[in-house]
Amino acid sequence: MNELLRIENLHVAAGGKELLHGVDLIIHTGEAHVVMGVNGAGKSTLLHAIMGNPAYEVTEGKIYFEGQDITDLSVDKRARLGIFLSFQSPISVAGISVENFIRTAKTAVTGEQQRLFPFKRLLKASMQDLDMDPAYASRYLNDGFSGGERKKNEILQMRVLSPKLAMLDETDSGLDVDAVRTVAKNIADYHDETNALLLITHLNQLIRFIRPDRVHILIGGRIVAEGGPELADEVEARGFDAYRAAGEA
Ligand code: ADP
Ligand code: MG
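Predicted, not measured: the structure shown is a model, and the values here were computed from it.

A. Looking closely at the overall build of the protein chain. Across its full length, the protein chain carries 9 helices and 10 strands. Taken over the C-alpha trace, the protein chain has a radius of gyration of 18 Å; the compact-globule value for 249 residues is 18 Å, and the two agree within 12%. Its C-alpha atoms put the protein chain at 55 × 40 × 35 Å along the principal axes. Taking the intrachain contacts of the protein chain between residues at least 6 apart in sequence as the baseline, contacts between residues at least 24 apart amount to 67%. Surface accessibility of the protein chain: about 11600 Å² in total, with carbon and sulfur atoms responsible for 48%. When the 27 positive and 35 negative side-chain charges of the protein chain are each reduced to one mean point, those points stand 6 Å apart.

Here it is, written out as structure tokens:
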């Protein structure tokens, strides 16, 4: 399998504080990785740094994507390379419909104008898969959306943008059991040998549907344990207590 993402000794700071203290991570195309950890461990920070959010400064270390050093690349350039990040709390955007937003994003990411009717067909099919009411396409982005609708919207964006690396930040939180199943099934359907997933979850709901190839435990800005899917089962059974000491060291 090809190396897609390589992170070497990543240190990240925000608000004058170092939040990640030397993270190493390698993701190959075709793999699904899960990052677990207590609240405030730095999980979202890691994803923001990979996406290139300027609020998170890389103070040391490197990020490579398909062999290219992207450490200093802007968010939009990373998006065009095929990196996608869903947000934990997507904001409302008044005046922009879901359809226009996703079509504009797709145009920006691919550099190709999206023809209206093929795009509408793609969007409609993806929305059907997600059990979304077709009327959402013309609603304003996130305006009055329930938590579940916002989360489904993130998955819809992922499916339409078709990234090589899809990073999903707690996409399972706040969803009812049926919605978790639908969302997880859609993520699992999307995932194949041409792309990779980097999922953050502190629950185990998603992992029941998407067995990860690798699980990383992040505590206190450090990866303190790594393993296969059995590590997620162990965390579910015993919690993070066994790892806290290592993270606080
Ligand atoms: P997690 O996603 O694992 O819950 P985060 O990555 O969101 O944790 O946050 C890790 C720590 O960094 C927390 O203490 C949080 O308050 C802090 N933090 C996150 N983002 C910022 C920021 N932009 N500025 C300052 N501190 C931040
Ligand atoms: Mg977070």
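B. Inspection of the site of ligand 1 at higher detail. As a structural note, the neighbourhood of ligand 1 is formed by Ala14, Gly15, Leu19, Val38, Asn39, Gly40, Ala41, Gly42, Lys43, Ser44, Thr45 and Tyr56. Gly40 places a polar main-chain atom, nitrogen or oxygen, 2.8 Å from an oxygen atom of ligand 1. Thr45 is positioned such that a nitrogen or oxygen atom in its side chain is 2.6 Å from an oxygen atom of ligand 1. Considering ligand 1 on its own, with 560 Å² of exposed area, one finds that the protein chains cover 63% of that surface. Split by residue class, the shell around ligand 1 holds 5 nonpolar, 6 polar and 1 charged.

C. A look at the environment of Phe65. Tracing the backbone shows Phe65 in strand 4 (residues 57-65). Contacts of Phe65, omitting those with residues within four sequence positions, involve Leu4, Leu5, Ile70, Leu81, Gly82, Ile83, Lys164 and Leu165.

D. Region of interest: the sheet that holds strand 5 (residues 68-69). With respect to topology, 4 strands assemble into an open sheet ordered 2-1-4-5, the strand pairing being antiparallel. The sheet is open, and its two edges are formed by strand 2 (17-28) and strand 5, each paired on a single side. Across the sheet, helix 1 (residues 43-51) touches strand 1 (3-14), strand 2 and strand 4, and the angle it forms with strand 1 is around 115°.

E. Representation of the sheet that holds strand 7 (residues 165-169). Overall, mixed pairing links the 6 strands, which are arranged 6-7-8-3-9-10 in an open sheet. Taken across any chain shown, the strands that pair with only one partner, and hence form the sheet edges, are strand 6 (83-85) and strand 10 (222-227). When the angles between neighbouring strand axes are averaged without regard to direction, this sheet yields 15°. Examined bridge by bridge, strand 6 and strand 7 share 3 bridges and lie parallel to one another. Within strand 7, the residue paired with Phe84 across the bridge is Ala166.

F. Fine view of helix 8 (residues 229-238). Within the span of helix 8, buried status applies to Leu231, Ala232 and Val235. Buried residues along helix 8 cover an arc of 105° about the axis, so they all sit on one side. For helix 8, exposure combined with an orientation more than 90 degrees from the buried face picks out Ala237 and Arg238. At the C-terminal side of helix 8, Gly239 shows a positive phi close to 75°.

G. Region of the structure containing the packing of helix 4 (residues 116-129) against helix 5 (residues 147-161). Where helix 4 meets helix 5, the axes come as close as 10 Å, and the angle between the chain directions of the two elements is 135°. When the axis of helix 4 is compared with that of helix 5, the two are oblique. Between helix 4 and helix 5 lies a crossing whose hand is right-handed. Of the residues in helix 5, those in contact with Phe119, Leu122, Leu123, Ser126, Met127 and Asp129 of helix 4 are Leu156, Arg159 and Val160.

H. How the structure looks around the nonpolar core. Of all hydrophobic cores here, the largest spans 45 residues; its most connected members are Met36, Leu156, Ile187 and Ile217. At 6 residues, helix 6 (residues 177-190) tops the list of elements feeding residues into this core. Beyond its immediate stretch of four places on either side in the chain, Ile187 contacts Ile155, Met158, Leu168, Leu197, Leu206 and Ile210.

Analysis parameters
Residues numbered from 1 in each chain as written. Chains lettered and ligands numbered in written order. Predicted model: local features only at pLDDT ≥ 70, side-chain atom pairs only at ≥ 80, totals over all residues. Heavy atoms only, no water. Helix = DSSP H or I, 4+ residues; strand = E, 2+ residues; numbered from the N terminus. Rg over C-alpha atoms; globule rule 2.2 N^0.38 Å. Contact = heavy atoms within 4.5 Å. Areas by Shrake-Rupley, 256 points an atom, 1.4 Å probe, with all protein chains shown as cover. Lys, Arg positive; Asp, Glu negative; His and termini not counted. Charge placed at Lys NZ, Arg CZ, Asp CG, Glu CD. Near = heavy atom within 4 Å. Polar contact = N/O pair within 3.5 Å; in protein donor to acceptor, adjacent residues only side chain to side chain. Nonpolar A, V, L, I, M, F, W, Y, C, P; charged D, E, K, R; others polar. Pairing = 2+ DSSP bridges. Axes fitted to C-alpha atoms, helices over the stretch in contact; angles between N-to-C directions. Buried < 20%, exposed > 50% of the residue type's maximum accessible area, 1.4 Å probe, protein only. Arc of directions from axis to C-beta. Parallel < 35°, antiparallel > 145°, perpendicular 65-115°, else oblique. Left-handed = near helix turned anticlockwise from the far one by under 90°. Core = buried A, V, L, I, M, F, W, Y, C linked by side-chain atoms within 4.5 Å.

Any functional reading would require information that these geometric values do not contain.
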